[in-house]
Amino acid sequence: MRDADSGDLLLVAAGDLSPLDRIIERWRSPLYGFFEKALEPSSAQDAAAEVFFRLYKSAAKYDPSVPFPVWILGLAARVLQDRPAEPMVPIPLPRLKESAAARAALLRSAVRSLPGKERSVFLLTRVSRLQLSQSGAALSTSEDEVRRLLVRAFEGLAAALGPVLEEPEVMNAFSNPARPSGVEEGAA
Amino acid sequence: MTCAELRARLVDPASAGRGGHAPVVDHLEVCPDCRTLARAFGAVERLFRPDPGVEAPAGLRDKVFQRILERAGSGAPPVVADPAKRNLLIAGIVIILLILAGIFASIRRWGGAGTGAAPIERAPQPAATAPPASETASGTKAAGALTSAPVSDDEKNLIEPILPHDFLVACDVLASLDPFFPRDLAEGPVDGIPVPERIPGEEKDLTERVINWRYMAADERQRILSAHQAFLARPEAERQALRQRWTFYRALSPGEQAGLGRVVARTRDLDPRRAGRLKTELRTIAAYPPERRASAWRNHAFGKSITGQEAAAVERLWLALP
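Residues numbered from 1 in each chain as written. Chains lettered and ligands numbered in written order. Predicted model: local features only at pLDDT ≥ 70, side-chain atom pairs only at ≥ 80, totals over all residues. Heavy atoms only, no water.

**Here's the deal with the nonpolar core**
And then number 1: Of all hydrophobic cores here, the largest spans 80 residues; its most connected members are F35(A), F52(A) and L55(A).
And then number 2: Counting residues per element, this core draws most heavily on helix α4 (residues 68-81) of chain A, at ten residues.
And then number 3: For F52(A), the residues in contact, after removing those within four places along its chain, are I23(A), I24(A), W27(A), R28(A), L31(A), I72(A), L60(B) and V64(B).
And then number 4: Formed by 48 residues, the second largest nonpolar core is a distinct cluster that contains V210(B), A296(B), I306(B) and A313(B). (Core = buried A, V, L, I, M, F, W, Y, C linked by side-chain atoms within 4.5 Å. Buried < 20%, exposed > 50% of the residue type's maximum accessible area, 1.4 Å probe, protein only. Helix = DSSP H or I, 4+ residues; strand = E, 2+ residues; numbered from the N terminus. Contact = heavy atoms within 4.5 Å.)

**Details of helix α1 (residues 4-13) of chain A**
Residues and elements named next belong to chain A.
And then number 1: If you check which residues of α1 are buried, you get D5, S6, D8, L9 and V12. Burial along α1 is one-sided: seen end-on, the buried residues are contained in an arc of 165°.
And then number 2: On its buried side, α1 packs onto α2 (18-36), α3 (41-57) and α4.
And then number 3: Put simply, D3 is the residue that caps the front of α1, since its side-chain oxygen is 3.1 Å from the backbone nitrogen of D5.
And then number 4: Just past α1, the residue G15 takes up positive phi, approximately 105°. (Arc of directions from axis to C-beta. Polar contact = N/O pair within 3.5 Å; in protein donor to acceptor, adjacent residues only side chain to side chain.)

**Notes on unusual backbone geometry**
All names here are of chain A.
And then number 1: Phi at R129 takes a positive value of approximately 60°, unusual for a residue other than glycine.
And then number 2: Mapping R129 onto the fold places it in the loop between α7 (116-126) and α8 (132-138).
And then number 3: Despite not being glycine, S140 has its phi angle at roughly 55°, a positive value.
And then number 4: Within the secondary structure, S140 is located in the loop between α8 and α9 (143-160).

**Some points on the confidence of the model for chain B**
Residue and element names in this part refer to chain B.
And then number 1: Looking at chain B as a whole, the pLDDT averages 75, with 72% of positions reaching at least 70.
And then number 2: In the predicted structure, residues 73-83 sits below a pLDDT of 50 and forms 26 contacts with residues beyond four places in sequence or in another chain.
And then number 3: Contacts of residues 112-143 to residues separated by more than four positions or lying in other chains number 23 contacts, the stretch itself having pLDDT below 50.
And then number 4: Overall fold confidence (pTM) sits at 0.52, and the ipTM for the predicted complex is 0.86. (pLDDT = per-residue confidence, 0-100.)

**Some points on the interface of chain A and chain B**
And then number 1: Contacts between the two partners involve 56 residues from chain A, matched on the other side by 61 residues from chain B.
And then number 2: For the chain A and chain B pair, buried surface summed over both sides reaches about 5,400 Å², with 64% attributable to carbon and sulfur atoms.
And then number 3: Counting the contacts that link chain A with chain B gives ten salt bridges.
And then number 4: For E315(B), the salt bridge identified is with R95(A), shortest N-O distance 3.9 Å.
And then number 5: The tally of links from chain A across to chain B stands at 13 residue pairs in polar contact (both at pLDDT 80 or more).
And then number 6: Elements with a minimum of two residues in the side of chain A that touches chain B: α2, α3, α5 (93-98), α6 (100-112), α7, α9, α11 (168-174) and α12 (183-187) of chain A.
And then number 7: The element contributing the most residues to the side of chain A that touches chain B is α3(A), with eleven residues.
And then number 8: When the residues that make up the side of chain A that touches chain B are grouped by side-chain class, the tally is 29 nonpolar, ten polar and 17 charged. (Buried area = accessible area lost by both parts, 1.4 Å probe. Salt bridge = Lys/Arg side-chain N within 4 Å of Asp/Glu carboxyl O. Nonpolar A, V, L, I, M, F, W, Y, C, P; charged D, E, K, R; others polar.)

**As for the side chain of S176(B)**
Residues and elements named next belong to chain B.
And then number 1: Following the sequence through the fold, S176 ends up in the loop between α8 (165-175) and α9 (206-214).
And then number 2: Residue S176 is classed as buried on the basis of its relative accessible area of 19%.
And then number 3: Within polar-contact distance, the side chain of S176 engages the backbone oxygen of D172 at 3.1 Å.
And then number 4: In this structure S176 touches V264 and R268, once residues within four positions along its chain are discounted.

**Structural notes on the packing of helix α14 (residues 290-299) of chain B against helix α16 (residues 308-320) of chain B**
Residue and element names in this part refer to chain B.
And then number 1: Where α14 meets α16, the axes come as close as 11 Å, and the angle between the chain directions of the two elements is 155°. As summarised for this structure, α14 and α16 are arranged roughly antiparallel, according to the angle between their axes. When the axes of α14 and α16 are compared, the crossing they make is right-handed. Contacts from R293, A294 and W297 of α14 reach α16 at A311, V314, E315, W318 and L319.
And then number 2: Taken together, the residues of the contact of α14 with α16 break down into six nonpolar, no polar and two charged. (Axes fitted to C-alpha atoms, helices over the stretch in contact; angles between N-to-C directions. Parallel < 35°, antiparallel > 145°, perpendicular 65-115°, else oblique. Left-handed = near helix turned anticlockwise from the far one by under 90°.)

**Structural notes on the pattern of salt bridges**
And then number 1: Per the stated rule, a full pass over the model turns up 34 salt bridges over all chains.
And then number 2: Three or more residues joined by partner-sharing salt bridges are found here, namely D46(A), E50(A), R54(A), D82(A), K63(B) and R67(B).

Structure (structure tokens):
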């Protein structure tokens, strides 16, 4: 049976924009969450909007035999890959202990420091939870190549975040996402 | 099992069922490098655990449709979204064609009835201007007409100098951020921080900007024009400082921008003496080394009196400042 997203995209391809609204409603947060791990919030929003725009433009080329999540996340991966790798932003450890915003900025910077394909593969499998074979389909590459890229992505992140991974206090701060910033901690 | 095979297993949890855990454990026992790497991979995995609560900003949908409308005509599918609106548009076109056919038939009948009929004079063509959105039939935005009508020189002259709308709308908040920046707006931009020559969005294609303008409601256009005039009326030093502040403000998320707007509203409510004292105290905090700012801010009476989102917006702004 065809899923709602695939059906709606076929309607978009037929010239009706209303179903695009439903697709946006279902996918806006997953896509934003995908980009938000690598980009500042405003850029993440722009990137998600670009994916929906590309989805609309390419609706006529959609092959219904491809699962919709693979299709749309493939577009997202390409949008992300278009951005060149950037050097890591140095953030002092004391700042990381105090500020959730600084911690989020560090993780984004680490992801952005990866080459485009490694960055995409990492987020597809870890944030969007695609299997390796699905990630391969999304990026039009083989499962083996995805596995190879993923290993390199993990190695790159482990190297970029090395000092942080060895700092138990900072790691504890990361694992306590209940507070969006260090501000409330002291205000209580 | 080799080191490379072990690493491939570590990043692919689905492969755990293939071959069992025994070879992995055996390898880890004898390979200290892989033990270290396995711990690091596990830590990375935990850091990037997906956050199920993440919510996209509310304006995302509008951004998508604005983009579609702006780029309509570049080989994209039709732009009239609502089937009911599309039917109205088609009905309108059919009615116009029928009226034209009736006029044509009448002219032929009159022309054939008399001898020496006067030649038909061509009516002067009106200037090609796009109808305002509110004047289209039944309130329907005829998206095709708005996007395909030629862009007149008048429209270009009107739109070209107007700065990006999101910047203009934010100017009011930006101008009130004195307590959070090292110097007042009237003193000009902060030294050592670049002032962008162009506001992001200024470089947009003029035709796109005109089409965008056509879609705006009249009161929204008026708001933008007023903000634009208010910006131009400021001294050059203030305009530079606003451009500089904008680079920090636009890096915030929509939620953080809203939070900062509320903080500004709170500072406006203070009496002048208290506002002056607050400015001095906040600038003292902002001058601390980054690692000390957060703790000083969260212990400050004003920082404690506002919501978490508002305080986080200020913190985020300071994080970006040198």
